[in-house]
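As a plain string of letters, each chain reads:
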Amino acid sequence: MSSQFGTVLKLTTFGESHGKSVGGVVDGCPANVSVSLKKIQAQLNRRRPGQSSLTTDRSELDQITIVSGLENGLTLGTPIAFYVPNQDQQPGDYDRFRRVPRPSHADYTYQAKYGNRSVSGGGRASARETIARVAGGAIAEAVLATHTDIEIIAWVSAVGSIEATNIDMGRLSRQDVDQHMVRCPDASTAEKMAQQIAALKEQGDSVGGIVSCVCRHVPPGLGEPVFAKLEAALAQAMLSIPATKGFEIGSGFLGTRMQGSEHNDVFIASQKGLRTKTNFSGGIQGGISNGEFIYFRVAFKPPATIGVAQESVDFEGNRTILEGRGRHDPCVVPRAVPIVEGMAALVLADMFLLQRTRHASV
Ligand SMILES: Cc1cc2nc3c(=O)[nH]c(=O)nc-3n(C[C@H](O)[C@H](O)[C@H](O)COP(=O)(O)O)c2cc1C
């Protein structure tokens, strides 16, 4: 289903950018999982618009209200429903897009598909929808914390052509990532990224970037071959986030330049079973986690709504010049970090619950 994600642990999201609220329902969450509202809100605050000078100037508090499924901090095993009101709306900014679809946004395709759409704020295609992914992801993390030591950390590894390459995935914490508003844990690179985003915001233009993510202490055995291989499920999750254009796991495309003798992750014995000397596989083989770090990268395009004038045509085909007005992110990656973490958590929690139906001792 188009607005539902997951097999056992299911997230349904609802809402348009300038409707009354956005929110979601998490169904299939086991009872007696300890869920901290503070932790959910903390992740939402990392996604919130208006959180720094590098994001859109739309300012939303994004305070979550949970309306069901939780009592005294424990899940009840029933659907967990939640919502976040939309407050800072300036629908007038979007009047132009009623007639002229924004290049590379979703205006034309939503209209072509449904013959109708919520124009204001980008409607359902707006990144406000991802609030439910972040909240649902925080609930999924609570499920994982009940049974595993899994840690999921995402960070900004590139903005335009500025890249941070020397990040120690083994030690990185969310606190390290949040040291700089760009969410790149390498301070000097983060500063360069910030300068580039600020300069483009000033010009009314935008830039893309990469969010990297590591999932540590994932037990061997998660993933459902053949169609829901773990990397396939992660790819689907990541590529469903607005503005994504690429997903790469382990050695990714660079692996194509290596020879088998270099690329093979040779097994070594350890007290906890087999480990591998290298990890070009990115922690997944045959679609199943092997106990090594799962790491992947997600490519985000430059946001489509820009202040720079562009030649275009309206829905009737008349030539026009389009210049985006209103408040928009000059680069989405600093805000995408908790969204990537949330989607990774939803996949891993779902796969963990599925694995309990496959193996009696999990
Ligand atoms: C955190 C986040 C913030 C975004 N902010 C904007 C924005 O301010 N302006 C914009 O045009 N697109 C923004 N986007 C991207 C659009 O939602 C997306 O490009 C649009 O829905 C079209 O979908 P597609 O890029 O996946 O094809 C944002 C995406 C994310 C993840």
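Before reading on, note that the structure itself is shown above.
Note that the structure is a prediction, hence the values are computed from the model and not measured.

Attention now goes to the pattern of salt bridges. All chains considered together, the criterion is met by 21 salt bridges. Of the charged contacts, one joins Asp168 and Arg171 as a salt bridge, the two residues approaching to 3.3 Å between their closest N and O atoms. Classification of Asp168 by relative accessible area gives partly exposed; the value is 42%. Taking the relative accessible area as the measure of exposure, Arg171 reaches 70% and is therefore exposed. For Glu248, the salt bridge identified is with Arg297, shortest N-O distance 3.0 Å. One end of the pair, Glu248, is in strand S11 (residues 244-249); the other, Arg297, is in strand S16 (residues 294-300), with 49 residues separating them in the sequence. Residue Glu248 is classed as buried on the basis of its relative accessible area of 18%. Exposure remark for Arg297: the relative accessible area of 30% places this residue in the partly exposed category.

The next point concerns the side chain of Ser281. Within the secondary structure layout, Ser281 lies in the loop between strand S13 (273-276) and strand S14 (284-285). Polar contacts involving the side chain of Ser281 include one to the side chain of Asp265, which spans 2.5 Å. Discounting residues that sit within four places of it in the chain, Ser281 has contacts with Gly250 and Asp265.

Moving on, we come to the pairing of strand S18 (residues 319-322). Only one face of S18 is covered, namely the one carrying Thr320 and Leu322; the face carrying Arg319 and Ile321 has none of its residues buried. Looking at chain direction, strand S17 (residues 310-313) and S18 are connected through four bridges and run antiparallel. Paired with Glu311 across the bridge in S18 is Ile321. What sits between S17 and S18 in their antiparallel hairpin is a turn of five residues, with Gly317 showing a positive phi close to 95°.

Now for helix H6 (residues 187-203). With 17 residues, H6 should cover 24 Å at 1.5 Å per step; its first-to-last C-alpha distance of 25 Å lies within 8% of that length. Among all positions in H6, only Thr189, Ala190, Met193, Ala194, Ile197 and Leu200 are buried. Along H6, the residues classed as buried sweep out an arc of 140° about the axis, all on the same side. Turned more than 90 degrees away from the buried face of H6, the exposed residues are Ala187, Gln195, Glu202 and Gln203. On its buried face, H6 is in contact with strand S8 (151-159), strand S9 (162-163) and helix H9 (333-355). A positive phi of about 75° marks Gly204, the residue just after H6.

This part covers the nonpolar core. Formed by 84 residues in total, the largest nonpolar core has its most connected members in Leu234, Met238, Phe296 and Val340. Considering every element that reaches this core, the biggest residue donor is H9, with 16 residues. Not counting residues up to four positions away in its chain, the partners in contact with Met238 are Thr244, Phe247, Phe296, Val298, Val340, Met343 and Ala344.

A few words now on the sheet that holds S8. Taken in spatial order, the five strands line up as S9-S8-S10-S16-S11 in an open sheet, and their pairing is antiparallel. Edge positions in the sheet fall to S9 and S11, since each has one partner strand and no second. Across two bridges, the pairing between S8 and S9 is antiparallel. The residue of S9 that forms the bridge with Ala158 is Glu163.

Reading the values: the criteria
Numbering of residues starts from 1 in every chain and runs along the sequence as written. Restriction of local features to residues with pLDDT of at least 70 applies here, the model being predicted, together with a cutoff of 80 or more for giving and counting side-chain atom pairs; totals for whole chains, interfaces and linings are based on all residues. Excluding hydrogens and water, the side-chain values take into account all heavy atoms of the structure. Any Lys or Arg side-chain nitrogen found within 4 Å of a carboxyl oxygen on Asp or Glu counts as a salt bridge. Here the term buried applies to any residue with accessible area under 20% of the maximum for its type, exposed to any over 50%, and partly exposed to those in between, with areas from a 1.4 Å probe on protein chains only. Secondary structure elements are defined from DSSP: runs of H or I of at least 4 residues count as helices, runs of E of at least 2 residues count as strands, and each element is numbered from the N terminus. Polar contact is the term for a pair of N or O atoms within 3.5 Å; when the atoms are in protein, one must be able to donate a hydrogen and the other to accept it, and sequence-neighboring residues count only if both atoms are side-chain atoms. Any two residues having at least one pair of non-hydrogen atoms within 4.5 Å are treated as being in contact. The rule for pairing is simple: two strands pair if DSSP sees at least two bridges between them. Helices are assigned an expected span. That span is 1.5 Å times one less than the residue count. Summarising the geometry, the arc corresponds to the directions from the helix axis toward the C-beta atoms. For our purposes a nonpolar core is just a set of buried Ala, Val, Leu, Ile, Met, Phe, Trp, Tyr and Cys residues, chained together by side-chain atoms within 4.5 Å.

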